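# An overview of the molecular structure
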2 protein chains.
Amino acid sequence: MAGTKKTMDGNTATTHVAYAMSEVAAIYPITPSSNMGEVADEWSAEGRRNIFGQTLSVRQLQSEAGAAGAVHGSLVSGALTTTFTASQGLLLMIPNMYKIAGELLPGVFHVSARAIAAHALSIFGDHQDVMAARQTGFALICSSSVQECMDLALVAHLCAIEGSLPFLHFFDGFRTSHEVQKIEVIDYDDMARLVNREKLAEFRRKAMNPEHPELRGTAQNPDIYFQGRERSNPFYLALPGIVSQTMEKVGALTGRSYRLFDYVGAPEADRVVVAMGSACETIEEVVHHLNAAGEHVGLVKVRLYRPFDANAFLSSIPSSARKITVLDRTKEPGSLGEPLYTDVCTAFVEHGDAIPELFAGRYGLGSKEFRPVHVKAVFDNMNGSRRKFTVGIEDDVTGLSLPVSGPLSTTPEGTIQCRFWGMGADGTVGANKAAIKIIGDNTDLYVQAYFAYDSKKSGGITVSHLRFGKKPIQSTYLVDDADFIACHKANYVQIYDVLEGIKEGGTFLLNSPWNSAGELEENLPAAMRRTIAQKRVKLYNVDAIKIATSAGLGGRINMIMQTAFFRLSGVLPFKEAVELLKDSIRSEYGRKGEKIVQMNIGAVDLAVENLVAIDVPESWKEAADERAVDFRLGQQMPDYVREVIFPILRQKGDNVPVSAFAPDGAFPFSTSQYEKRGVAINVPEWIKENCIQCNHCSFVCPHATIRPFLATDEEMKEAPQSFETLPATGRELKGLHFRIQVYPLDCMGCGNCADV
Amino acid sequence: MAGTKKTMDGNTATTHVAYAMSEVAAIYPITPSSNMGEVADEWSAEGRRNIFGQTLSVRQLQSEAGAAGAVHGSLVSGALTTTFTASQGLLLMIPNMYKIAGELLPGVFHVSARAIAAHALSIFGDHQDVMAARQTGFALICSSSVQECMDLALVAHLCAIEGSLPFLHFFDGFRTSHEVQKIEVIDYDDMARLVNREKLAEFRRKAMNPEHPELRGTAQNPDIYFQGRERSNPFYLALPGIVSQTMEKVGALTGRSYRLFDYVGAPEADRVVVAMGSACETIEEVVHHLNAAGEHVGLVKVRLYRPFDANAFLSSIPSSARKITVLDRTKEPGSLGEPLYTDVCTAFVEHGDAIPELFAGRYGLGSKEFRPVHVKAVFDNMNGSRRKFTVGIEDDVTGLSLPVSGPLSTTPEGTIQCRFWGMGADGTVGANKAAIKIIGDNTDLYVQAYFAYDSKKSGGITVSHLRFGKKPIQSTYLVDDADFIACHKANYVQIYDVLEGIKEGGTFLLNSPWNSAGELEENLPAAMRRTIAQKRVKLYNVDAIKIATSAGLGGRINMIMQTAFFRLSGVLPFKEAVELLKDSIRSEYGRKGEKIVQMNIGAVDLAVENLVAIDVPESWKEAADERAVDFRLGQQMPDYVREVIFPILRQKGDNVPVSAFAPDGAFPFSTSQYEKRGVAINVPEWIKENCIQCNHCSFVCPHATIRPFLATDEEMKEAPQSFETLPATGRELKGLHFRIQVYPLDCMGCGNCADV
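Predicted, not measured: the structure shown is a model, and the values here were computed from it.

Another aspect to go through is a negative patch on the surface. Residues and elements named next belong to chain A. Together, Glu38, Asp41, Glu42 and Glu46 make up a region of like negative charge exposed at the surface. Locating glutamate 46 in the fold gives a position in the loop between α2 (34-45) and β3 (57-60). Residue classification places glutamate 46 among the exposed residues on the basis of a relative accessible area of 56%.

A word on the relation of the copies chain B and chain A. Superposing chain B onto chain A takes a rotation of 180 degrees plus a shift of 0.1 Å along the axis, which leaves an RMSD of 0.2 Å. The superposition of one copy onto the other is thereby described by a two-fold rotation axis. When the interface residues of chain B are mapped onto chain A, 100% of them again lie at the interface, so the same face is used by both copies.

Attention now goes to the interface of chain B and chain A. Facing the 105 residues of chain B at the interface are 105 residues of chain A. Counting the surface lost from both chain B and chain A, the interface buries some 9,400 Å², and carbon and sulfur atoms represent 63% of this. Together, B:Tyr225, B:Phe226 and B:Leu336 form the three largest contributors to the area buried by chain B at its contact with chain A, with a combined 8%. Counting every contact that joins chain B to chain A gives 10 salt bridges. For the salt bridge of B:Lys331 with A:Glu230, the shortest nitrogen-to-oxygen distance reads 3.3 Å. Inspection of the region where chain B meets chain A yields 46 residue pairs in polar contact (both at pLDDT 80 or more). Put simply, the parts of the chain that give the side of chain B that touches chain A at least two residues each are α4 (87-102), β9 (214-215), α9 (225-230), α10 (233-254), α13 (339-351), β15 (357-363), β16 (388-391) and β24 (667-668) of chain B. Of the residues in the side of chain B that touches chain A, the class split is 54 nonpolar, 27 polar and 24 charged.

Residues and elements named next belong to chain A. The final tally for this structure, using the stated rule, is 38 aromatic pairs over all chains. Ring centres of tryptophan 421 and tyrosine 496 lie 5.5 Å apart, and the angle between their planes is 20 degrees; this geometry places the pair in the stacked category. Here tryptophan 421 is found in strand β17 (residues 416-423), whereas its partner tyrosine 496 is found in the loop between α16 (492-495) and β21 (507-511), with 75 residues between them in sequence. The interplanar angle of 80 degrees and the centroid separation of 5.0 Å between the aromatic rings of tyrosine 492 and tyrosine 496 together place this pair among those described as edge-to-face. Taken individually, tyrosine 492 and tyrosine 496 each receive the classification buried, so the pair is uniform in this respect. What links up through ring pairs into an aromatic cluster is the set Phe261, Tyr305, Phe308, Phe313 and Phe348. Between the NZ or CZ atom of arginine 707 and the centre of the ring of tyrosine 743, over which it lies, the distance is 5.1 Å.

Before going further, it helps to spend a moment on helix α22 (residues 594-610) of chain A. Given 3.6 residues per helical turn, the α-helix brings residues three or four places apart onto the same face. Counted at 1.5 Å a residue, the expected span for α22(A) with its 17 residues is 24 Å, and the 24 Å between its end C-alpha atoms agrees. Those residues of α22(A) that sit buried are A:Val597, A:Met599, A:Asn600, A:Ile601, A:Ala603, A:Val604 and A:Ala607.

It is possible for side chains bearing opposite charge to pair when their charged atoms get close. This structure, assessed with the given rule, holds 76 salt bridges over all chains. Among the salt bridges present, the one from A:Arg271 reaches A:Asp270, with a minimum N-O distance of 3.5 Å. What makes A:Asp270 partly exposed here is its relative accessible area of 22%. In this structure, the salt-bridge partner of B:Arg204 is B:Glu23, at a minimum N-O distance of 2.7 Å. Remark: B:Glu23 occurs in the loop between α1 (10-21) and β2 (24-27) and B:Arg204 occurs in helix α8 (residues 197-205); sequence separation between them is 181 residues. Residue classification places B:Arg204 among the partly exposed positions, given a relative accessible area of 29%. One continuous salt-bridge network, built from bridges that share partners, spans A:Lys206, A:Glu214, A:Arg216 and B:Asp664.

Calculation rules
- Residues numbered from 1 in each chain as written.
- Chains lettered and ligands numbered in written order.
- Predicted model: local features only at pLDDT ≥ 70, side-chain atom pairs only at ≥ 80, totals over all residues.
- Heavy atoms only, no water.
- Patch = residues over 30% accessible without salt bridge, like charges linked within 9 Å, V, L, I, M, F, W, Y side chains within 5 Å.
- Areas by Shrake-Rupley, 256 points an atom, 1.4 Å probe, with all protein chains shown as cover.
- Salt bridge = Lys/Arg side-chain N within 4 Å of Asp/Glu carboxyl O.
- Lys, Arg positive; Asp, Glu negative; His and termini not counted.
- Charge placed at Lys NZ, Arg CZ, Asp CG, Glu CD.
- Helix = DSSP H or I, 4+ residues; strand = E, 2+ residues; numbered from the N terminus.
- Buried < 20%, exposed > 50% of the residue type's maximum accessible area, 1.4 Å probe, protein only.
- Least-squares fit on C-alpha atoms with pLDDT ≥ 70 in both.
- Contact = heavy atoms within 4.5 Å.
- Buried area = accessible area lost by both parts, 1.4 Å probe.
- Polar contact = N/O pair within 3.5 Å; in protein donor to acceptor, adjacent residues only side chain to side chain.
- Nonpolar A, V, L, I, M, F, W, Y, C, P; charged D, E, K, R; others polar.
- Phe/Tyr/Trp six-rings, centres within 6.5 Å; stacked < 30°, edge-to-face > 60°.
- Lys NZ or Arg CZ within 6 Å of the ring centre and 35° of its normal.
- Expected span 1.5 Å × (residues − 1).

Structure below.
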């Protein structure tokens with residue numbers, strides 16, 4: 001059966017199943033799981049029905065501890081119950097998880113796996129949270145992609161009922177939870193047919209009921225607690241078989257087959273990697289690439305992590321494998337090795353025969369990029385002797401990190417890769433989400449989108465990574481060798497390495513007021529001009545702010561940039577794209593009124609008219625480095641700022657080595673003074689003539705961008721000419737010179753000063 | 001240096017050190033850690049000084065989560081901080097533990113390791129809680145005995161400062177936390193000399209301070225979180241060395257040496273057990289016993305569990321060892337094996353050479369007894385092929401449990417072992433604590449005491465297990481082959497197997513009104529009489545209730561029974577013992593006034609006079625089983641009650657097999673009706689003549705022991721003669737017969753009925 005195809009992220013795919021298969025959701029949203037709870041709540045409010053014909057009862061508790069307690073209570077009362085969480089939220093659920101497992105209750109927790117706050121907090125993805133719950137007695141099942149979120153969430157819910165044990169279904173926070181892919185959606189009627197109704201009825205019968213009361217939650221003494229704790233063994237022994245069979249049933253329905261451990265790669269592989277989560281997608285891509293180049297390598301994807309079926313694991317590995325690397329996306333300081341690795345060691349010891357050479361690697365903490373080059377480094381390392389390593393960073397302290405060679409492109413041929421530089425709240429991300437939906441829903445193309453934000457939210461930087469192609473897209477890493485790059489904010493060209501990795505002959509779309517080669521020559525850094533000319537990049541400019549203003553859209557440039565993207569990328573015939581864009585405007589903005597719709601439609605037409613193709617002068621190939629346009633002019637930067645803070649601000653934090661950081665996570669103060677972001681489109685200007693020296697403008701400025709000064713005659717002697725002043729008013733200030741000084745680069749453009 | 005010797009439990013030994021080495025304790029008491037917090041609070045209130053000359057600042061928070069947060073905050077502000085917890089309490093601390101470790105803060109958590117509530121709650125000891133925190137980045141160090149609590153708590157505090165990492169120091173809940181032993185106490189001045197003052201000053205310098213502010217607790221993005229997480233590696237790499245050296249320093253001070261992993265047993269052992277916690281004491285006892293019998297076995301005691309130093313571990317094992325069993329006192333359902341076992345597997349895989357045959361056993365959950373027979377079963381099992389097992393229970397469901405042969409006595413020769421059956425709140429436990437203190441503090445004897453309670457507290461059963469001997473006592477299990485058994489409550493002889501395991505020629509002291517062989521013949525079950533006669537048990541009776549009443553002590557029989565114990569046990573010359581007893585009465589009861597003191601001293605003298613030696617009739621050897629005196633007369637017991645509840649009530653719950661329990665921990669209702677405890681010394685009697693039928697007596701009875709009935713003429717026809725009634729008063733009850741029926745076996749003797 002080929003299901004309906006839809007474009008969605010991992011959280012939504014998961015919620016699609018969780019909603020269908022649950023009666024109650026007790027939630028307390030936490031990043032990056034939040035939108036699972038939000039979507040479920042929204043669907044419930046809209047009256048969507050689960051497979052039992054009910055709307056899901058969604059309840060928000062006071063914390064994750066409360067949510068877990070409510071899940072437990074709800075399950076004991078006979079309702080199929082779910083929750084969504086991550087990170088510290090999951091940690092707060094641990095006590096109740098032991099209870100839920102101990103009482104054999106078929107709850108399902110969906111976890112967008114996330115790092116845990118240690119030396120620092122991180123809202124990003126790894127398996128530290130999930131691994132902190134691996135001892136609770138929950139079954140753990142892992143999805144590596146958005147499609148798997150749909151498929152394996154269903155396996156989890158079905159097996160929880162069938163096996164009478166709770167499941168923790170997890171997938172990588174952000175990388176999978178927020179990655180948008182076109183996937184096949186499983187129909188609710190099909191799901192309903194797979195439920196073991198007898199087991200479900202048994203679960204209902206066991207519910208707390210005053211008609212046939214039972215005593216639960218007893219306190220047991222040394223005489224019997226141990227026996228009771230062993231009594232549930234048969235359920236754990238049976239579970240791998242149940243999961244296997246359920247995977248087959250779901251596979252028969254969807255055509256997508258899963259096993260407890262899935263092997264991909266050369267049948268006679270000499271080197272094999274064992275991994276779990278989104279990295280599997282990238283590794284698989286590289287495995288195919290390396291095997292095509294004559295190597296013999298493979299990958300074991302761990303699906304069911306608990307109960308860990310050693311036999312299934314061992315038989316998934318080709319007997320030819322002499323070297324195995326286990327990759328863990330977690331860290332347990334002081335342990336001999338991370339959990340998946342120690343499990344693998346144990347499985348081999350128990351197996352008894354000749355044990356392959358085992359390597360252990362740690363990668364991807366806090367969503368650290370894990371790219372094809374890193375996978376290659378892992379395979380290459382098996383030809384050496386470094387048994388334990390990290391990969392993806394430069395560890396110049398304990399020297400654990402693997403050396404990494406130059407870039408490696410393993411994305412399937414024909415995949416179009418795009419990168420968009422935007423500013424938080426400028427509409428770039430929303431426009432890209434709309435674009436990917438338009439393309440996904442109206443073509444046969446596979447699509448993928450991932451959005452990287454910094455933590456400054458509104459006004460911060462956003463980078464959108466979009467891929468389109470005729471083959472499924474497994475590239476679970478950021479776009480590097482881009483076919484198309486757009487920069488939605490002009491001054492980013494001076495701050496960031498916007499064109500990094502652009503392909504030979506790629507396209508660069510810039511939003512700036514610089515509509516001619518001459519203006520661009522003045523404003524683009526020499527390095528960028530060289531790249532454009534040397535790589536024969538097709539260069540386009542559109543003055544989107546001017547167009548948006550004239551179309552009555554204020555600063556909202558998203559529709560203009562989206563139109564330009566469709567014009568230039570060629571993913572869709574442009575005429576068709578314009579129609580679809582206009583349709584999407586009508587459905588998106590329809591409820592805001594016809595005027596908004598017309599303004600946006602107008603912007604689409606204006607964008608086409610005002611898109612300027614730039615003739616790149618041959619001379620740019622040799623553009624000489626001028627004195628860098630440095631927004632931090634006149635600032636003497638301490639070493640620490642230059643070597644640590646500055647690269648981070650320039651989106652080059654991946655390159656900062658381990659030694660740059662304090663061991664206890666501490667940072668020096670007062671570094672934001674060096675960060676002149678220049679994000680405001682309009683900045684205040686002091687109009688001397690109108691000033692009554694009330695200082696209100698300074699008072700309301702939230703970023704201390706506007707500051708009043710008083711200067712003495714003495715000080716004025718050294719003032720530059722442009723330092724204009726007024727005689728200070730007020731008797732006690734007689735003889736002093738008053739001035740409002742504005743720091744335009746710190747301004748956020750909020751307009752408070754003008755308002756007041 | 002030989003320190004002062006004192007008799008104390010593991011919690012107090014630990015607190016002695018924690019108090020000395022800390023400035024702040026943020027607590028939230030939880031069994032079995034509570035008295036660490038309580039003792040610390042008491043000492044603080046008394047003005048005791050730590051090694052810095054301060055009193056410890058003890059603060060109770062609103063939960064363990066709050067306590068952990070306060071510990072974190074206090075450490076960040078530069079104060080050496082500790083806390084005490086266990087079980088779910090520790091689980092609530094996990095999120096903060098990641099932070100404390102991530103920020104390299106030298107906090108020390110003292111954990112009386114306890115089971116976690118799963119199918120049922122248990123307040124008793126195992127390592128489930130500690131193992132749930134092993135991934136947090138804390139160092140984990142384990143004490144196996146009360147003396148080690150003192151020694152290794154100090155190692156933990158010293159190394160936390162020196163290594164700049166937090167420690168979790170743990171020991172088995174109840175078995176070690178509440179076991180009383182005579183140990184050497186380390187002097188505060190000696191401790192102070194061992195502190196690394198430079199490292200301490202460094203810690204102080206790093207404290208949060210507005211004079212030199214630093215930024216902590218940042219949120220980090222994918223670009224730098226991983227690097228920061230790796231930055232602390234050197235601290236973990238250095239820690240095993242630091243712990244080793246500190247153990248040497250503490251050893252030089254105390255004469256007691258510890259290593260990261262301590263091996264005991266045959267230098268050429270073929271079979272070795274690896275274990276952690278109080279079981280090590282018992283295993284060591286058995287190892288010596290087996291080696292004395294010509295076997296070649298050994299034990300590795302794990303001291304520093306995290307960071308796990310694989311080289312230190314491997315080099316602790318004799319190269320002759322071909323078979324190794326790893327014992328884990330925890331359970332992680334669905335895992336391939338418990339944590340210590342998987343660590344050992346990993347260590348051997350990494351070692352690379354021929355791997356010994358590895359066995360994995362689970363034992364002692366929820367303080368399940370782990371006795372010499374079980375240890376022997378573990379060593380015997382290495383001659384077979386069962387690679388994974390449980391021991392200490394009968395698992396007739398998954399068949400994992402090892403068969404266990406008959407009793408095995410490995411307690412060092414000359415050790416006097418005593419068991420006391422008492423009733424909660426009857427003073428037995430208090431008296432035994434006093435006795436052990438008297439003996440410990442006034443002789444050269446080693447002493448050990450352990451008190452087993454059921455969960456009914458006041459009115460429940462208590463069994464005190466005391467040992468005295470010239471050699472150190474490592475028997476971390478209940479007394480089985482007793483030299484002396486006392487039963488402080490007469491009807492226990494009919495309910496419990498009081499004399500189980502008594503030695504040939506042992507002594508049995510009974511408190512009962514049965515002062516003659518004839519009365520005893522009528523009241524002691526035949527099985528007990530046969531045991532007494534066949535094993536030539538010296539039988540004594542004392543009517544302690546009568547004596548206590550005549551001495552004005554009401555039901556408080558403790559002083560009488562204690563005196564009789566000293567008279568009969570011969571641990572001390574009796575005259576000296578009486579003097580010491582009277583001294584202890586003066587110090588214990590002095591503040592309650594001279595009258596109380598004199599009453600108790602009178603009781604001592606009366607006890608001596610009224611202790612009756614019974615001439616055991618030869619005929620008891622052949623005593624025939626009469627119809628069992630069954631307190632549950634006339635009750636038709638369901639199978640479940642007979643096979644599960646009844647053995648539990650008779651203190652035979654250890655024998656109930658796994659299959660007897662529901663997999664999800666549920667119990668049927670209404671089983672307490674079969675539990676006729678008969679604990680009241682005085683029970684109500686209905687005095688017909690005084691009754692005004694107000695029913696107040698029934699109304700106030702908290703155990704429904706007193707119930708009013710109305711009978712019709714019809715019903716009265718079948719009533720027995722003793723069923724006396726009154727004509728019911730009240731017009732609407734005319735013609736009915738009124739009676740108050742008392743169920744003496746349910747009565748707790750609270751006296752509410754008489755009061756009202």
